[in-house]
Amino acid sequence: MGSLPAIPDSMVESLRSSEHLCVLTGAGVSAESGLRTFRDALTGMWAKYDPMSLATPEAFERDPDLVTRWYDFRVGEGGKHTPNPGHHALARLEEWMTARDRGFTLLTQNVDGFHQDAGSREVVELHGTIRTWRCARCSTGYTHSGRPFDAYPPRCERCPDGVLRPNVVWFGEMLPEEAIERAHDAIASCDVFISIGTSGVVQPASSFGEAAGARGAKVFEINLEPTPLTARADASIHAPSGLALPLLVDRVTA
Ligand code: BV8
Ligand code: ZN
């Protein structure tokens, strides 16, 4: 068992006294649930594809069969795994904050739904979800059954040539209006911002930490490796989030 990560006192104190906490999570938070992160998401039959080229409207237009198979596969992968102690620690921290009438917003770039499964309530899915789909033609909504589609691309029941797509935000697509508004509100009112398990390259999410810091909020980071945010963070923990988060939340809520 490796040594436990050191939790900076400054991080504990800032979270204990925070009046509004804004948390941003990325694929690294789900890595310890066994879900591969976005950048190394592709293994096996998908290894030869680049997620950046598949997660686009152009790829869906060009090859709906391939793109819907990939997302159907990812729904299946999600179904085989469960939230990890990092997800549960964030749900516990939200509970502790809201019980004291403090603000708590969880902005996630993840599309796996694990934060909700772990009990988080104020979750803003910046990049949507793979758990619900819609007809690309008539927008009829569908909840994915969790079982693989029996034919690809999956077809709409209500219009003849409609093809179903996941309710995720692809590269080149706008984030949902409501998600952007809730993110901006949280960035404008938080006194502490903590970025967890994200490589900090995808816009606009990766500019949120900088924006919060520019307003005077404390900025912290928990990530396996340094990111562009590390240099401007008030403190960072470079360790697995499934290990660091429970330790941090234990100290904050003690
Ligand atoms: C937008 C859903 C306005 C899909 C995702 C040219 C044309 C058009 C747009 C652009 C352009 N150039 C730039 C842009 C903007 C573009 C962008 O940011 N590109 C980047 C890559 C350069 N952004 C957009 O297109 C956004 N929309 O800007 O609209 C617009 C519109 C038109 C034209 C211009 C502008 C939409 C972005 C949303 C894309 N959709 N997901 C899907 O999931 O399939 S993003 C995708 O990447 C996932 O959501 C993922 O979460 C996200 C970010 O990745 P990370 O979460 O950070 O995951 P990653 O693997 O990268 O990193 C994991 C980290 O965890 C690592 O650092 C690792 O060290 C760490 N880690 C690993 N294990 C652990 C750990 N940490 C702790 N513990 C562990 N155990
Ligand atoms: Zn339809």
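Being a predicted model, the structure only gives us computed values, none of them experimental. (Residues numbered from 1 in each chain as written. Chains lettered and ligands numbered in written order. Predicted model: local features only at pLDDT ≥ 70, side-chain atom pairs only at ≥ 80, totals over all residues. Heavy atoms only, no water.)

Undergrad: For this particular structure, what's the right way to read the nonpolar core?
TA: Membership of the largest hydrophobic core comes to 28 residues, with the highest contact counts inside it found for L21, V23, L93, I194, I196, I222 and L248. Listed by contribution, the elements that provide at least two residues to this core are α1 (9–17), β1 (20–25), α6 (85–99), β2 (103–108), β7 (192–196), β8 (218–222), β9 (235–237) and α10 (241–253). Beyond its immediate chain neighbours, meaning those up to four positions away, I194 contacts M11, L21, C22, V23, L24, F220, E221, I222 and L248. (Core = buried A, V, L, I, M, F, W, Y, C linked by side-chain atoms within 4.5 Å. Buried < 20%, exposed > 50% of the residue type's maximum accessible area, 1.4 Å probe, protein only. Helix = DSSP H or I, 4+ residues; strand = E, 2+ residues; numbered from the N terminus. Contact = heavy atoms within 4.5 Å.)

Undergrad: Looking at this structure, I do not really get the coordination of the zinc ion (ligand 2). What am I missing?
TA: A metal bound by six donors in octahedral fashion has ideal angles of 90 or 180 degrees, whereas one bound by four tetrahedral donors has an ideal angle of 109.5 degrees. The coordination sphere of the zinc ion (ligand 2) contains the protein donors C135 (SG), C138 (SG), C156 (SG) and C159 (SG), at a distance range of 2.2 to 2.3 Å. Metal-centred angles of 102 to 119° between the four donor atoms at the zinc ion (ligand 2) mark the site as tetrahedral. Written as a sequence motif, the donor arrangement for the zinc ion (ligand 2) is C-x2-C-x17-C-x2-C. Of this pair, C135 sits in strand β4 (residues 128–135) while C156 sits in the loop between β5 (141–143) and β6 (164–168), placing them 21 residues apart in sequence. (Donors = N, O, S within 2.8 Å, 3.2 Å for Na, K, Ca; no water. Tetrahedral: all angles 85-135°; square planar, octahedral: opposite > 155°, others 65-115°.)

Undergrad: Where do I start with the site of ligand 1 in this structure?
TA: The immediate surroundings of ligand 1 are formed by 35 residues, with E32, Y71, V169, S199 and Q203 found nearest. Y71 is positioned with one of its side-chain polar atoms (N or O) 2.6 Å from an oxygen atom of ligand 1. Contact between ligand 1 and G197: an oxygen atom at 3.4 Å from a main-chain N or O atom of the residue. Only α2 (27–31) and α5 (64–79) provide two or more residues apiece to the shell around ligand 1. Per-element tally for the shell around ligand 1: the top contributor is α2, with three residues. Partitioned by chemical class, the residues of the shell around ligand 1 number 17 nonpolar, 13 polar and five charged. The residue makeup of the shell around ligand 1 includes at least three contributed by each of domain 1 (9–34 + 82–127 + 175–253) and domain 2 (44–80 + 131–168). (Near = heavy atom within 4 Å. Polar contact = N/O pair within 3.5 Å; in protein donor to acceptor, adjacent residues only side chain to side chain. Nonpolar A, V, L, I, M, F, W, Y, C, P; charged D, E, K, R; others polar. Domains from an automatic or database assignment.)

Undergrad: What should I look at first to understand the pairing of β1 in this one?
TA: Within β1, six of the six residues are buried, which leaves it mostly tucked inside the rest of the structure. The side-chain alternation of β1 yields two buried faces, one formed by H20, C22 and L24 and the other by L21, V23 and T25. Pairing of β1 with β2 involves six bridges; the strand directions are parallel. Among the inter-strand pairings, T25 is bridged to a residue of β2, identified as T108. Across five bridges, the pairing between β1 and β7 is parallel. Residue pairing across strands places L21 opposite V192, the latter belonging to β7. (Pairing = 2+ DSSP bridges.)

Undergrad: Mind showing me how you'd approach the sheet that holds β7 here?
TA: Neighbouring strands of a sheet are bound in pairs by backbone hydrogen bonds; such pairs are parallel or else antiparallel. Spatial ordering of the open sheet is given by β3-β2-β1-β7-β8-β9, a layout of six strands whose pairing is parallel. Whereas interior strands pair on both sides, the edge strands pair on one side only; in this sheet they are β3 (123–125) and β9. On average, each strand axis in the sheet is inclined to that of its neighbour by 15°, with strand direction left out of account. Relative to β3, β2 is paired through three bridges, and the arrangement is parallel. By the bridge assignment for β3, L107 is matched with V124. On top of the sheet, helix α8 (residues 177–189) reaches β1, β2 and β3; it is set at about 130° to β3, its chief contact. (Axes fitted to C-alpha atoms, helices over the stretch in contact; angles between N-to-C directions.)

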